[in-house]
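Now for the letters of each chain:
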Amino acid sequence: MKEDRHFVTALARGLDVLRCFSSAHRELGSTEIARMLGLSQSTVWRLCYTLQKAGYLEPGHDPEKLRVSPGVLALGCEALSHGGIAEVAQPRITEIANRFDSSVSVAGRDQLAMRILARASAPSMLRLNFHVGSALQIERSAVGAAYMAALPDAERKSLLQELQQAHPEHWKEHRSYLDEAIEMYRERGYVLNLRRYHPDVNALGVAIVSPNGRHVMAMNCGGASSVMTREKLEGPVAQAMRELAADLSTMLMV
């Protein structure tokens, strides 16, 4: 493969270091990061040193480890705004969540996942370990399938190839779900995920598409399968979610 002369490898590696930190790995040492990324410890040490100097990493509670600093939060807050969609959507998704005894999320793509930008849950909703910043798998979730279905053909084909390379062992099953979801989206404007992502949860996904079709985000609404039946999802939930997606679409940058 021809080398991309515009690609800055050192910058990409630095960003990969930041991605190693998560709710499951709040503090990491250079040895752990090197193992996670498959890089030499000396390379990781220099990357971490630079990120510390730039204000994106800081010493952890364990002096031998690092954690992300508030400098990363500034970038995250800007990403969460997405032109104000998260802020504008919050009261609307809260109303929908309470009305249908469900959970509603707005998400944008982050590599091969959908990152939650805004979320609301009814007080009685089955509690799942999802919150703003959590990532949902594109190939398994309602929000991911809705995003996939709304993409232009060329982008969808490229993303499908990336997902196949990342998940070869389960790709036949994933591709079958995505194909069904894409066809459903074309016919009805939404996708369903019935006990697929979680054995006790049913969900519906819709896409948020900019007026020119170049920018795509997605939302899902889900709840306990005993409450969130298929009939309920395809009736009032689908109507409410499609109406909200249409309202939010004009806020995506063109």
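Residues numbered from 1 in each chain as written. Predicted model: local features only at pLDDT ≥ 70, side-chain atom pairs only at ≥ 80, totals over all residues. Heavy atoms only, no water.

**Student:** Tell me what's going on with the environment of Met228, and back it up with residues and numbers.
**Tutor:** Following the sequence through the fold, Met228 ends up in the loop between β8 (216-224) and α9 (230-249). For Met228, a relative accessible area of 0% gives the class buried. Considering only alpha carbons, one finds Met228 and Leu204, 24 residues apart in sequence, at a separation of 9.6 Å. With residues near it in sequence (within four places) discarded, Met228 still touches Phe100, Ser102, Asn202, Cys221, Gly222, Gly223, Leu233 and Val237. (Helix = DSSP H or I, 4+ residues; strand = E, 2+ residues; numbered from the N terminus. Buried < 20%, exposed > 50% of the residue type's maximum accessible area, 1.4 Å probe, protein only. Contact = heavy atoms within 4.5 Å.)

**Student:** Just give me the short version of the side chain of His174, but keep the residues and values in it.
**Tutor:** Structurally, His174 is set in helix α8 (residues 171-188). Note on His174: relative accessible area 6%, which makes it buried. In this structure His174 touches Glu139, Arg140, His167 and Arg196, once residues within four positions along its chain are discounted.

**Student:** Please give an account of α9 that cites residues and values.
**Tutor:** Of all bends in α9, the biggest is about 45°, found at Val237. Every buried residue of α9 is listed here: Leu233, Val237, Ala238, Ala240, Met241, Leu244, Ala245, Leu248 and Ser249. (Bend = angle between axes of the 7 residues up to and from the residue.)

**Student:** Outline the packing of helix α5 (residues 85-99) against α9, listing residues and values.
**Tutor:** Running from N to C, α5 and α9 point in directions that differ by 170°, and their axes come no closer than 11 Å. Taken together, the axes of α5 and α9 lie roughly antiparallel to each other. Seen from α5, the contacting residues are Ile85, Val88, Ala89, Arg92, Ile93, Ile96 and Arg99; seen from α9, they are Ala240, Met241, Leu244, Asp247 and Leu248. When grouped by side-chain class, the residues that make up the contact of α5 with α9 number nine nonpolar, no polar and three charged. (Axes fitted to C-alpha atoms, helices over the stretch in contact; angles between N-to-C directions. Parallel < 35°, antiparallel > 145°, perpendicular 65-115°, else oblique. Nonpolar A, V, L, I, M, F, W, Y, C, P; charged D, E, K, R; others polar.)

**Student:** Please give an account of the sheet that holds strand β5 (residues 135-137) that cites residues and values.
**Tutor:** Pairing is antiparallel across the open sheet formed by six strands, whose spatial order is β5-β4-β3-β8-β7-β6. Edge strands, defined here as strands with exactly one partner in the open sheet, are β5 and β6 (191-194). Adjacent strand axes in the sheet meet at a mean angle of 30° when their direction is disregarded. With eight bridges connecting them, strand β3 (residues 103-110) and strand β4 (residues 113-121) associate as antiparallel partners. Pairing of Ser105 across the sheet is with Arg119, part of β4. (Pairing = 2+ DSSP bridges.)

**Student:** Hey, could you go over the nonpolar core for me, with residue numbers and the actual values?
**Tutor:** Membership of the largest hydrophobic core comes to 31 residues, with the highest contact counts inside it found for Ile93, Ile96, Val106, Leu204, Ile208, Met219 and Met241. The dominant element in this core, judged by the number of residues it contributes, is α9, at eight residues. Beyond its immediate chain neighbours, meaning those up to four positions away, Val106 contacts Ile85, Ala89, Ile93, Arg115, Ile116, Leu117, Ala118, Ile208, Met217, Ala218 and Met219. Formed by 28 residues, the second largest nonpolar core is a distinct cluster that contains Leu163, Trp171, Ile182 and Ala203. (Core = buried A, V, L, I, M, F, W, Y, C linked by side-chain atoms within 4.5 Å.)

**Student:** Before we move on, could you go through unusual backbone geometry and cite the residues and values that matter?
**Tutor:** The phi dihedral of Asp101 falls on the positive side, at around 55°, and the residue is not glycine. You can call Asp101 partly exposed: its relative accessible area is 26%.

**Student:** Any details on the pairing of strand β7 (residues 201-209)? Residues and values, ideally.
**Tutor:** Within β7, eight of the nine residues are buried, leaving the element largely enclosed by the surrounding structure. When β6 meets β7, the two strands line up antiparallel, connected through four bridges. What sits directly across from Asn193, in β7, is Ala203. Taking the residues that link successive antiparallel strands as the turn, the β6-β7 hairpin has six residues, and the phi of Arg195 there is positive, at about 60°. As paired elements, β7 and β8 share nine bridges and run antiparallel to each other. Each residue of the ladder has a partner; that of Gly205, found in β8, is Asn220.

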